[in-house]
Amino acid sequence: MAHPMTEFERNKLIKNLLAKYNFLNHGVIGKSHCERNIEFLSLGNFENSILWACAFHGMEWLTSLVILKFLENICNRIKLKNKIFGIDIEKNLKNRGLVIIPCVNPDGVEISLNGYKSANEFQNLVKKASNIHTFSWQANAAGVDINHNFDAGWNELKKLEKENNILEPSPTRFGGKKPESEPETKALVDFCRKNKFLYAIAFHSQGEEIYWKYGKNIPENSYRLAKLFSITSGYKLSSPEGLAVGGGFKDWFITEFNRPAFTIEIGVGKNPLPISQLYPIYNKIYKMLLSSLLI
Ligand SMILES: [Zn+2]
């Protein structure tokens, strides 16, 4: 059986959702190095919405699947006019919408699942940087870690990379030559600047943790939301250390907009988390995702 999060299968899943639920909207925010579409799906009031983004890292495709399953569940409830825990989701979404980017790094996911040949004209680079062991590939096709390529604390991050001897395109943690150098980063940054989301959640794996701070500036409501997400999921609140500090989407979003942003690390175990973790994770974070739709 084909893996459910290859580009082909993910597109099929998204197409099926769009065919089944005519109130679900869809668009493309940009293209990856290998010309794969970076798509978004949205429900409800786009003008006043929150953003969820998944699969920044190649091995973390389970984040896409969990969020797409949740989206399917919500769409189905709307179609059937079902309430969830007595809440009219459709009415809520009319006031405040949800925008989802199922896969920020489609090349990285493809490389991690299907090997260096998925990197098209970048395959020599990927082959060399990974030593053909692409299973644990996290970066994009150019060997840049997208979640180290955002413009937040750039100089400190570069210093840390040097200290850790990460000097060139790598399977993980190389931030690139300059902030926003990568098409995937640029697409996301432009999309956020244009749409001014109320807050953003970046889904990663793993660790069952919620990161909610960056630097000294704590936007209003950050802690309240983080606490709510923690209570509804059992995930713990954490602060990043070392090379996990700076350059990330959450860090940039907080700095740029002075609005809350979170990194949520789903599941526990070793990346890539096995597909058998889909429903255990889904069940554990269902109420958290629902609370994010409402607050
Ligand atoms: Zn990650």
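A few points on the structure. (Residues numbered from 1 in each chain as written. Predicted model: local features only at pLDDT ≥ 70, side-chain atom pairs only at ≥ 80, totals over all residues. Heavy atoms only, no water.)

## So, the packing of aromatic side chains
Aromatic ring pairs are reported here in terms of the distance separating the ring centres and the angle at which the planes meet. Applying the stated criterion across every chain, the model contains 23 aromatic pairs. Residues Trp212 and Tyr223 carry aromatic rings whose centres are separated by 5.2 Å and whose planes lie at 55° to one another, so their mutual orientation is tilted. Residue Trp212 is found in the loop between β6 (209-211) and α8 (222-233), and its partner Tyr223 is found in helix α8; the two are separated by eleven residues along the sequence. Linked through ring pairs, Trp52, Phe70, Phe203, Tyr279, Tyr282 and Tyr286 together constitute an aromatic cluster. (Phe/Tyr/Trp six-rings, centres within 6.5 Å; stacked < 30°, edge-to-face > 60°. Helix = DSSP H or I, 4+ residues; strand = E, 2+ residues; numbered from the N terminus.)

## A look at the environment of Arg96
Locating Arg96 in the fold gives a position in the loop between α3 (89-95) and β4 (97-101). Of the polar contacts made by the side chain of Arg96, one reaches the backbone oxygen of Ile295; its length is 2.6 Å. (Polar contact = N/O pair within 3.5 Å; in protein donor to acceptor, adjacent residues only side chain to side chain.)

## Looking at the sheet that holds β6
Adjacent strands of a sheet form backbone hydrogen bonds with each other and so pair up, either parallel or antiparallel. On the basis of which strands lie adjacent, the open sheet formed by eight strands has the order β1-β2-β4-β3-β5-β8-β6-β7 and mixed pairing. Among the strands making up the open sheet, the edge pair consists of β1 (25-31) and β7 (236-238). Taking each pair of neighbouring strands and ignoring which way they run, the sheet shows an average axis angle of 25°. Here strand β5 (residues 200-205) runs beside strand β8 (residues 261-266); their pairing, made up of six bridges, is parallel. Directly across from Ser205, in β8, lies its bridge partner Ile266. In the packing of helix α7 (residues 183-195) onto the sheet, the strands contacted are β1, β2 (37-43), β3 (49-53) and β4, and the crossing angle to β1 comes to about 130°. Helix-sheet contacts for helix α9 (residues 249-257) involve β3, β5, β6 and β8, and the interaxial angle to β8 is about 165°. (Pairing = 2+ DSSP bridges. Axes fitted to C-alpha atoms, helices over the stretch in contact; angles between N-to-C directions. Contact = heavy atoms within 4.5 Å.)

## Remarks on the pairing of β3
Walk down a regular strand and you will see the side chains alternate between the two sheet faces. Along β3, five of the five residues are buried, which leaves the element largely enclosed by surrounding structure. Where burial is concerned, the two faces of β3 agree: the one with Ser49, Leu51 and Ala53 and the one with Ile50 and Trp52 are both buried. Both β3 and β4 contribute to a ladder of five bridges, which runs parallel. When the sheet's bridge partners are listed, Ile50 is paired in β4 with Leu98. In this structure, β3 lies alongside β5, joined through three bridges in parallel fashion. The residue of β5 that forms the bridge with Leu51 is Ala200. (Buried < 20%, exposed > 50% of the residue type's maximum accessible area, 1.4 Å probe, protein only.)

## Section: the pattern of salt bridges
Using the criterion set out here, one finds 13 salt bridges in the structure. Notably, a salt bridge pairs Asp107 with Arg36, separated by 2.8 Å at the nearest N-O pair. Placement of the pair is Asp107 in helix α4 (residues 106-114) and Arg36 in the loop between β1 and β2, with a sequence separation of 71 residues. Taking relative accessible area as the criterion, Asp107 reaches 0% and is therefore assigned buried. (Salt bridge = Lys/Arg side-chain N within 4 Å of Asp/Glu carboxyl O.)

## What to know about the packing of α8 against helix α10 (residues 278-294)
Helix-helix packing is described using two parameters, namely the angle between the two axes and the distance between the axes. Relative orientation of the contacting elements α8 and α10 amounts to 150°, with a least axis distance of 7 Å. With respect to each other, α8 and α10 are oriented roughly antiparallel. For the element pair α8 and α10, the recorded crossing hand is right-handed. Two secondary-structure elements touch here, α8 through Leu228, Phe229, Thr232 and Ser233 and α10 through Lys284, Ile285, Lys287, Met288, Ser291 and Ser292. (Parallel < 35°, antiparallel > 145°, perpendicular 65-115°, else oblique. Left-handed = near helix turned anticlockwise from the far one by under 90°.)

Geometric descriptors of this kind do not, in isolation, establish any biological role.
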